[in-house]
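# Observations on chain architecture
Listed here are the chains, written in short residue letters.
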Amino acid sequence: MHLVDLVKQHRILGFCLCAAVTVGCSDDHAISGNSGGGGAAGSGSGGAAAGAAADAGTTSDATLPIDPDLRAPKFVKAWGKQGTLPGQFIEPSSVELDAEGNVYVAGHEDRLQKFTFDGKLLNIFGKSGVGDLEFNHPHGLAMDRAAGLLYAGDQNNGRVQVLTTDGKFVRMWTDPQFKHIHDVGIDPLSGDIFVGDFELHVMQKFTSTGVPLLEFGGAGSADGQFAGAWGISTDSAGRVYVGDAGNKRVQVFNSDGSYLAQWQGFVKPTGVFVDAKDRVYVCDSLADQIAIYSTQGQRLGTWDLASIVGSPCEPEDIVITADSMHIYVGDVLSHRVIYLARDAT
């Protein structure tokens, strides 16, 4: 996923963040639920331990200045519920944004749905099947905002489909290494496409038209290997961040696939998103948290979604507008999209 220029009238003004103090975080997590405060950086990352909380639902490193963007955002609303009717979802596992701030959602309903920034349904793309603009469990979205093209992983059809923002089919490609696509990312410097496969534990890089360029990874727990490659995002320098769910870590690579670092201490890292300031957001889905890192691996803060939203969540993907004001989270536990916003002041 990439960055988006938000239309200014979408801003929500005049709310304030709840303030509270929470002490410390643990790097030890239990698989069973909400525990600890996100991962400490692992080998090669120079991560910092957690300190005092900056806001309700937020923990952060006490040695770092408090960035207002890192404080817990306000819960605005959630939309959707379990089902296949328009506006409903079955495990909305992927969320994206276009240049106008519209929200795209993929789940198990074999379709893509497009919403306004505040959740009004605009369009539905696709249906079950194997033809053009048909899906069998779409999983992983990436938007080329300059070109107005949406790349969608069509998981059980073993292919990537490319659509316009109004739902017109453009092209598709398949590959023998597409067994269980879990996410798609875009190299901001070249426009090339990264595709991660959960079952084969590999990452592949293609041109935007599907010409294969390189492959890296493989099954295992060594540096550069995966136990279920999940979310993918890239920063402004082209570095690639991958949620390595089974190994409970995020791994960092150069755009040529060479290994750089890893950050450990998660329960189940799934969706990854890098914002306009190169801050890395990681959905730690079974911990019900969003962990925030610098590109050097310093943990900057953690959002406790249950505290923010007021009910249990399982965040699987996240996308944030370029001005950092609007945040969208795919919650597969309650089959909904969570809309959060930061104070504009």
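Computed from a predicted structure; not experimentally measured.

## Things to note about the overall build of the chain
Check the secondary structure of the chain and you find one helix and 27 strands. Looking at the chain residue by residue over its 345 residues, the buried ones come to 58%. Considering only residue pairs separated by 6 or more positions, the chain has 52% of its internal contacts joining residues 24 or more positions apart. Put simply, the chain shows about 12,200 Å² of open surface, and 52% of that area lies on carbon and sulfur atoms.

## A short note on the sheet that holds strand β9 (residues 138–144)
Strand order in the open sheet formed by four strands is β9-β10-β11-β12, with antiparallel pairing between adjacent strands. In the strand order of this sheet, the two ends are held by β9 and β12 (169–174), each with one partner. Averaged over all neighbouring strand pairs, the angle between strand axes comes to 20 degrees, with direction disregarded. Both β9 and strand β10 (residues 149–154) contribute to a ladder of five bridges, which runs antiparallel. For Ala142, the partnering residue across the bridge sits in β10 and is Tyr151.

## Side note on the sheet that holds strand β14 (residues 193–197)
The four strands are arranged β13-β14-β15-β16 in an open sheet whose pairing can be described as antiparallel. Two strands lie at the open edges of the sheet, namely β13 (181–186) and β16 (212–217), each paired on one side alone. Pairwise comparison of adjacent strand axes, ignoring direction, gives a mean angle of 20 degrees for this sheet. Bridge analysis of β14 against strand β15 (residues 202–206) gives five bridges, and the strand direction is antiparallel.

## Some details on the pattern of salt bridges
Enumeration over the complete set of coordinates arrives at 12 salt bridges. Put simply, Arg145 and Glu96 hold a salt bridge, and the shortest N to O gap is 2.6 Å. Highlighted residues: Arg145 in the loop between β9 and β10 and Glu96 in strand β3 (residues 94–97), separated in sequence by 49 residues. When its relative accessible area of 0% is taken as the criterion, Glu96 is described as buried.

## Some words on the environment of Asp343
Examined against the element boundaries, Asp343 turns out to sit in the segment after β27 (336–341). Given a relative accessible area of 23%, Asp343 falls into the partly exposed group. The spacing of Asp343 and Lys74 is 269 residues in sequence and 7.8 Å in space, taken between C-alpha atoms.

## Some points on the packing of aromatic side chains
Following the criterion strictly, the structure yields 17 aromatic pairs and no others. Relative to Trp230, the ring of Phe198 has its centre 5.3 Å away and its plane inclined at 85 degrees; by these criteria the two rings are edge-to-face. Of the two residues, Phe198 is situated in the loop between β14 and β15 and Trp230 in strand β17 (residues 229–234); the sequence distance between them amounts to 32 residues.

## Observations concerning the confidence of the model for the chain
Averaged over all residues, the pLDDT of the chain equals 85, while 80% of them reach at least 70. Scored below 50 in pLDDT, residues 1–56 shows 182 contacts in the model against residues more than four places distant or in partner chains.

Conventions used here
- Residues numbered from 1 in each chain as written.
- Predicted model: local features only at pLDDT ≥ 70, side-chain atom pairs only at ≥ 80, totals over all residues.
- Heavy atoms only, no water.
- Helix = DSSP H or I, 4+ residues; strand = E, 2+ residues; numbered from the N terminus.
- Buried < 20%, exposed > 50% of the residue type's maximum accessible area, 1.4 Å probe, protein only.
- Contact = heavy atoms within 4.5 Å.
- Areas by Shrake-Rupley, 256 points an atom, 1.4 Å probe, with all protein chains shown as cover.
- Pairing = 2+ DSSP bridges.
- Axes fitted to C-alpha atoms, helices over the stretch in contact; angles between N-to-C directions.
- Salt bridge = Lys/Arg side-chain N within 4 Å of Asp/Glu carboxyl O.
- Phe/Tyr/Trp six-rings, centres within 6.5 Å; stacked < 30°, edge-to-face > 60°.
- pLDDT = per-residue confidence, 0-100.

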